[in-house]
Amino acid sequence: MDVFTIFSIIGTIAFAVSGAIVAMEEEYDILGVYVLGLVTAFGGGVIRNLLIGVPVTTLWTQGMLLKTAVVAMTIAFILPVRWIQHWRRSEAFFDAIGLSAFAIQGALYATGKHPLSAVIVAAMLTGIGGGMIRDVLAGRKPLVLRDEIYAVWAMLAGAAVGLGWFETPIELLALFIVVVAFRMMSVHYKWRLPRRSLKYALAQSVHQDEHQQALAADQAAKKGDRL
């Protein structure tokens, strides 16, 4: 079993369980659990393949990974609620595992076949694509667009692999651990990319306008009393 397969298995299990848990949180039936879990586990790889020109039908050659995902989702579905609640407290950790494993897997997939920019994009999309589709189907704001630094770690992992800084299985395992660690640090310390909230700015503008109108009306009333 090569390192590519190992990271594929780790990412598939982590994201399949993640999708299954989200489906159960949204009260989907068992079919919805399997659909959302499979989309989470394989959606990123499908998007990556579309962008780098790999036939999407290669998905059907991954029988072992599909079976692995189904087994993982089935176990998640029948677990006692107490265990699932315990998993939810560690949800960010498992999501970090899936992100790191799939980012490295996507980078390995594109390295040697495409330029560095494509390797970085392949790593990012493989790491975050499934989660984005999962959140959209579950009616949630995509985690990657609102949460702590997320996609950046996948891009950095892709750059490190594409530049040849991590090549041997031991080096790739070290990179995997580093990405998971940084992702968890960004969750713990709430590291965020710069953002600008137009909603807050517009609310403040409306509040200022109302305040000015109230002052103008009060001044007008005072003038009327003087007259």
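Relevant structure appears above.
Cut-offs and rules
Every chain's residues receive numbers from 1 upward, in the order its sequence appears when written. Local features in this predicted model are restricted to residues of pLDDT 70 or higher, and side-chain atom pairs are both shown and tallied only at a pLDDT of 80 or more, whereas totals for entire chains, interfaces and linings draw on every residue. Calculation of side-chain values draws on the structure's entire complement of heavy atoms; hydrogens and water are dropped beforehand. Note on definitions: angles span 0 to 180 degrees between N-to-C directions of axes, and those axes are lines fitted to C-alpha atoms, for helices only across the stretch in contact. Numbering of helices and strands starts at the N terminus; helices are DSSP runs of H or I of at least 4 residues and strands are runs of E of at least 2. Under this scheme an angle from 65 to 115 degrees is roughly perpendicular, one under 35 degrees roughly parallel, and one over 145 degrees roughly antiparallel; angles in between are oblique. Here a crossing is taken to be left-handed if its near helix is turned anticlockwise relative to the far helix by less than a right angle, and right-handed if that turn runs clockwise. In this description, contact between two residues means that some pair of their heavy atoms is separated by no more than 4.5 Å. Asp, Glu, Lys and Arg are counted as charged, while Ala, Val, Leu, Ile, Met, Phe, Trp, Tyr, Cys and Pro are counted as nonpolar; the rest, among them Gly, fall into the polar class. Expected span of a helix: the number of residues minus one, times 1.5 Å. Partly exposed residues are those whose accessible area sits between 20% and 50% of the maximum for their type, while under 20% is buried and over 50% is exposed, using a 1.4 Å probe and protein chains only. Working definition: the arc comes from the directions between the helix axis and the C-beta atoms, pointing outward to the latter. Criterion for a salt bridge: a side-chain nitrogen of Lys or Arg within 4 Å of a carboxyl oxygen of Asp or Glu. In summary, the pairing rule links any two rings of Phe, Tyr or Trp, Trp by its six-membered ring, whose centres are within 6.5 Å, and it sorts them by plane angle into stacked for under 30 degrees, edge-to-face for over 60 and tilted for everything else. Here, a charge over a ring means that NZ of Lys or CZ of Arg falls within 6 Å of the ring centre while also lying within 35 degrees of the ring normal.

K.L.:
In this structure, what is going on with the packing of helix α6 (residues 116-137) against helix α8 (residues 151-162)? I would like to understand it.
P.N.:
Any two packed helices are characterised by the angle at which their axes cross and by the distance between the axes. Between α6 and α8, the least distance of the axes is 8 Å, while the angle of their chain directions is 140°. In terms of their interaxial angle, α6 and α8 are classed as oblique. The handedness of the crossing between α6 and α8 comes out as right-handed. Here Leu116, Val119, Ile120, Ala123, Met124 and Ile128 of α6 lie close against α8, whose contacting residues are Ala151, Ala154, Met155, Gly158, Ala159 and Gly162. Taken together, the residues of the contact of α6 with α8 sort by class into 10 nonpolar, 2 polar and no charged.

K.L.:
Quick question: what am I supposed to make of helix α3 (residues 63-78) here?
P.N.:
What sets the pattern is the α-helix's 3.6 residues per turn: residues three or four places apart point alike. End to end, α3 covers 23 Å across 16 residues, agreeing with the expected 22 Å (1.5 Å per residue, within 8%). Regarding α3, the residues found buried are Leu65, Thr68, Ala69, Ala72, Met73 and Ala76. What you see down the axis of α3 is that its buried residues fit within an arc of 130°, all on one side. The exposed set on the far side of α3, more than 90 degrees from its buried face, consists of Lys67 and Ile78.

K.L.:
Mind showing me how you'd approach the pattern of salt bridges here?
P.N.:
Pairing between side chains of opposite charge can happen when the charged atoms of each approach one another. This structure, assessed with the given rule, holds 3 salt bridges. Residue Glu26 pairs with Arg140 through a salt bridge whose shortest N-O separation is 3.0 Å. Placement of the pair is Glu26 in the loop between α1 (3-25) and α2 (30-52) and Arg140 in the loop between α6 and α7 (143-146), with a sequence separation of 114 residues. Close ionic contact of Arg134 with Asp135 constitutes a salt bridge, the shortest N to O distance being 3.0 Å. Sharing partners across several salt bridges, the network here consists of Glu25, Glu26 and Arg140.

K.L.:
How should the packing of α2 against α3 be read in this particular structure?
P.N.:
Direction vectors running N to C along α2 and α3 enclose 135°, while the axes themselves pass 10 Å from each other. One way to sum up the angle between α2 and α3 is to call them oblique. Here α2 and α3 pass one another in a crossing that is right-handed. In contact with Ile30, Val33, Tyr34, Gly37, Leu38 and Phe42 of α2, α3 contributes Leu65, Leu66, Ala69, Val70, Met73, Thr74 and Phe77. In terms of residue class, the contact of α2 with α3 is built from 11 nonpolar, 2 polar and no charged.

K.L.:
Any chance you could explain the packing of aromatic side chains here in plain terms?
P.N.:
For any pair of aromatic rings, the description consists of the separation of the ring centres together with the inter-plane angle of the planes. Tallied over the entire structure, the rule returns 2 aromatic pairs. A centroid spacing of 5.5 Å and a plane angle of 65° characterise the contact between Phe15 and Phe102, whose relative ring orientation is edge-to-face. One end of the pair, Phe15, is in helix α1; the other, Phe102, is in helix α5 (residues 91-110), with 87 residues separating them in the sequence. Residue class for Phe15 comes out buried when judged on its relative accessible area of 1%. Seen in terms of ring centroids, Trp153 and Phe182 are 5.2 Å apart; in terms of plane orientation they differ by 35°. Their pairing is tilted. You can see Trp153 sitting in helix α8 and its partner Phe182 sitting in helix α9 (residues 169-188), a full 29 residues away along the chain. With relative accessibility at 35%, the residue Phe182 sits in the partly exposed group. Directly above the ring of Tyr109 sits Arg48, whose terminal nitrogen or CZ lies 4.2 Å from the centroid. Here the guanidinium or amino end of Lys113 rests over the ring plane of Tyr109, the centre of that ring lying 4.6 Å away.

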